[in-house]
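One letter stands for each residue in the lines below.
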Amino acid sequence: MTYFEAVILGLVQGLAEFLPISSSGHLALLQQFFGIDETKVLLFAVMLHVGTLISVFIVYWKDIWELIVELCLTIKDLCTGKGLRLDERPVRKLGVLIIIATIPTGIIGVLGGDFFDSLYTSIIPIGVGLIITGFLLVMAERMGSSSRGLEKMNFRNAFFIGLVQGIAICPGISRSGSTLFGSLICNLDRKFAVKFVFLISIPSILGSAVMELPDAIKAGVTAAEAGPVIVGMLVAAVSGLVAIKTMIKIVSDKKLSYFSYYVWVVGAFVVLLGIFGPMLGIAGM
């Protein structure tokens, strides 16, 4: 892998992970375009995930620190028989909601791993996923404004959002777009919805990286590849930071539908290319 390819892939990973356009779909398409064998860049893929995690930690470090402190206090309260006291501890409630949202995502990821992997054998499912993402964004945009924040969010809402996030493992379906759709369907306040979506991305991205890590370590990386891997990770972190800041403003300004046009066009092009590419002699289609 060259430095140029690493920069492009890192840029796309950071932007597409948090903007509602599907990082998995875009990376799969770019890997085909560059002729990159995915099995030979597993460590690079893991480090891209690390890069995007860094950007989330930078933006939400105060919230993450509060959640860590509250986890310690929760363990203390449970050991002393005081119970969870979620109504009295908003940060604790947020932590529990994040855990609940992560459960269905994890179950779907583990049980459906082989099925999701099989969808990458053709670019057509990626295109279909992008088109579906466009419709999710349009529906999310039409959701009315609400002041329903953390205090009124319940466990059912968190489970539903986690379920939608699990479905977004499908190539082409945006994780951030689908979880925003789920959050707004639950009539959550837009500002809080964005925050919750990015916080639940932490266990999701981390889990994905951990699952890929054993194979990545086994595949290893040469000294020549170490430079592009580090550069790709740093580019993913910086572009992810930009994407998160942009996404917060986009959702607040109700401009999600702008991205629907983009994913519809790209999705339709990819589907047509997948259907007619072999007829035209285009390799890898």
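Trainee: Could you clarify how one ought to interpret a nonpolar patch on the surface in this entry?
Mentor: A cluster of nonpolar side chains, namely Ile-99, Ile-103, Ile-107, Val-110, Leu-111 and Met-211, defines an oily patch on the protein surface of about 660 Å² accessible area. In terms of residue count, helix H5 (residues 90-111) provides more of the nonpolar patch than any other element does, five residues in total. With respect to the helices and strands, the residue Leu-111 is situated in helix H5.

Trainee: Help me understand the packing of aromatic side chains in this model?
Mentor: Centre distance and the angle of the planes are the two values used to describe a pair of aromatic rings. On inspection of all chains with the given rule, the structure shows eight aromatic pairs. Ring plane angle 85 degrees and centroid distance 6.3 Å describe the contact between Phe-4 and Phe-34, whose orientation is recorded as edge-to-face. Taken together, the residues span a long stretch of sequence, with Phe-4 in helix H1 (residues 3-18) and Phe-34 in helix H2 (residues 23-34) at a distance of 30 residues.

Trainee: Before we go on, may I ask you to explain the state of the cysteines in this structure?
Mentor: The bond known as a disulfide is covalent and runs between the sulfur atoms of two cysteines. Per the counting criterion, the structure on display carries zero disulfides. Here Cys-72 stays unpaired: no disulfide links it, and the sulfur of Cys-79, its closest cysteine neighbor, is 11 Å away. Relative accessible area serves as the criterion here: at 52%, Cys-72 is assigned to the exposed category. Distance from the sulfur of Cys-170, which forms no disulfide, to the nearest cysteine sulfur (Cys-186) is 19 Å. For Cys-170, a relative accessible area of 16% translates into the label buried.

Trainee: Would you mind showing me how to read the nonpolar core here?
Mentor: Nonpolar side chains tend toward joint burial in soluble globular proteins. Tyr-60, Leu-94, Met-153, Leu-180, Phe-196, Phe-198 and Leu-256 are the most contacted members of the largest nonpolar core, which has 68 residues in total. Residue contributions to this core peak at 10 residues, all from helix H10 (residues 190-219). Those residues in contact with Leu-180 that lie beyond four places of it in its chain are Ala-193, Val-194, Val-197, Met-247, Val-251 and Leu-256.

Trainee: Just checking my understanding: could you explain H5 for this structure?
Mentor: Owing to its 3.6 residues per turn, the α-helix brings residues three or four apart onto one side. The terminal C-alpha atoms of H5, which comprises 22 residues, lie 32 Å apart, in line with the 32 Å expected from a rise of 1.5 Å per residue. Residues of H5 that are buried include every one of Arg-92, Lys-93, Leu-94, Gly-95, Val-96, Leu-97, Ile-98, Ile-100, Ala-101, Pro-104, Thr-105 and Gly-109, and no others.

Trainee: Would you mind going over the environment of Arg-92 with me for this structure?
Mentor: With respect to the helices, strands and loops of the structure, Arg-92 is situated in helix H5. A sequence separation of 182 residues divides Arg-92 from Gly-274, and the C-alpha atoms of the two residues are 47 Å apart. Those residues in contact with Arg-92, other than ones at most four positions away along the chain, are Glu-70, Leu-73, Thr-74, Asp-77, Gly-83, Leu-84, Arg-85 and Leu-86. Engagement of the side chain of Arg-92 in a polar contact is seen with the side chain of Asp-77, the distance being 2.9 Å.

Trainee: Help me out: how do you make sense of the side chain of Lys-93 in this one?
Mentor: Positionally, Lys-93 belongs in helix H5. Looking at Lys-93, its side chain comes within polar contact range of the main-chain oxygen of Met-153, at 2.9 Å. Once residues lying within four places of it in the same chain are set aside, the contact partners of Lys-93 are Leu-86, Leu-150, Glu-151, Lys-152 and Met-153.

Trainee: Is there a simple way to explain the pattern of salt bridges in this structure?
Mentor: When their charged atoms lie close together, side chains carrying opposite charge are able to pair. Summed over the entire model, instances satisfying the criterion amount to eight salt bridges. When the shortest N-O distance is used, the salt bridge between Asp-77 and Arg-85 registers 2.7 Å. Taking the relative accessible area as the measure of exposure, Asp-77 reaches 5% and is therefore buried. Classification of Arg-85 as partly exposed rests on a relative accessible area of 29%. Here the residues in one salt-bridge network are Glu-70, Asp-77, Arg-85, Glu-88, Arg-89 and Arg-92, joined through shared partners.

Trainee: What exactly am I supposed to notice about unusual backbone geometry here?
Mentor: One non-glycine residue, Ser-22, adopts positive backbone phi at about 75 degrees. Among the structural elements, Ser-22 can be located in the loop between H1 and H2. According to the relative accessible area criterion, Ser-22 is buried, its value standing at 1%. Phi angles above zero are rare outside glycine, and Arg-85 is one such case at about 55 degrees. Here Arg-85 shows up in the loop between helix H4 (61-79) and H5.

Criteria and thresholds
Residues numbered from 1 in each chain as written. Predicted model: local features only at pLDDT ≥ 70, side-chain atom pairs only at ≥ 80, totals over all residues. Heavy atoms only, no water. Patch = residues over 30% accessible without salt bridge, like charges linked within 9 Å, V, L, I, M, F, W, Y side chains within 5 Å. Areas by Shrake-Rupley, 256 points an atom, 1.4 Å probe, with all protein chains shown as cover. Salt bridge = Lys/Arg side-chain N within 4 Å of Asp/Glu carboxyl O. Helix = DSSP H or I, 4+ residues; strand = E, 2+ residues; numbered from the N terminus. Phe/Tyr/Trp six-rings, centres within 6.5 Å; stacked < 30°, edge-to-face > 60°. Disulfide = S-S within 2.5 Å. Buried < 20%, exposed > 50% of the residue type's maximum accessible area, 1.4 Å probe, protein only. Core = buried A, V, L, I, M, F, W, Y, C linked by side-chain atoms within 4.5 Å. Contact = heavy atoms within 4.5 Å. Expected span 1.5 Å × (residues − 1). Polar contact = N/O pair within 3.5 Å; in protein donor to acceptor, adjacent residues only side chain to side chain.

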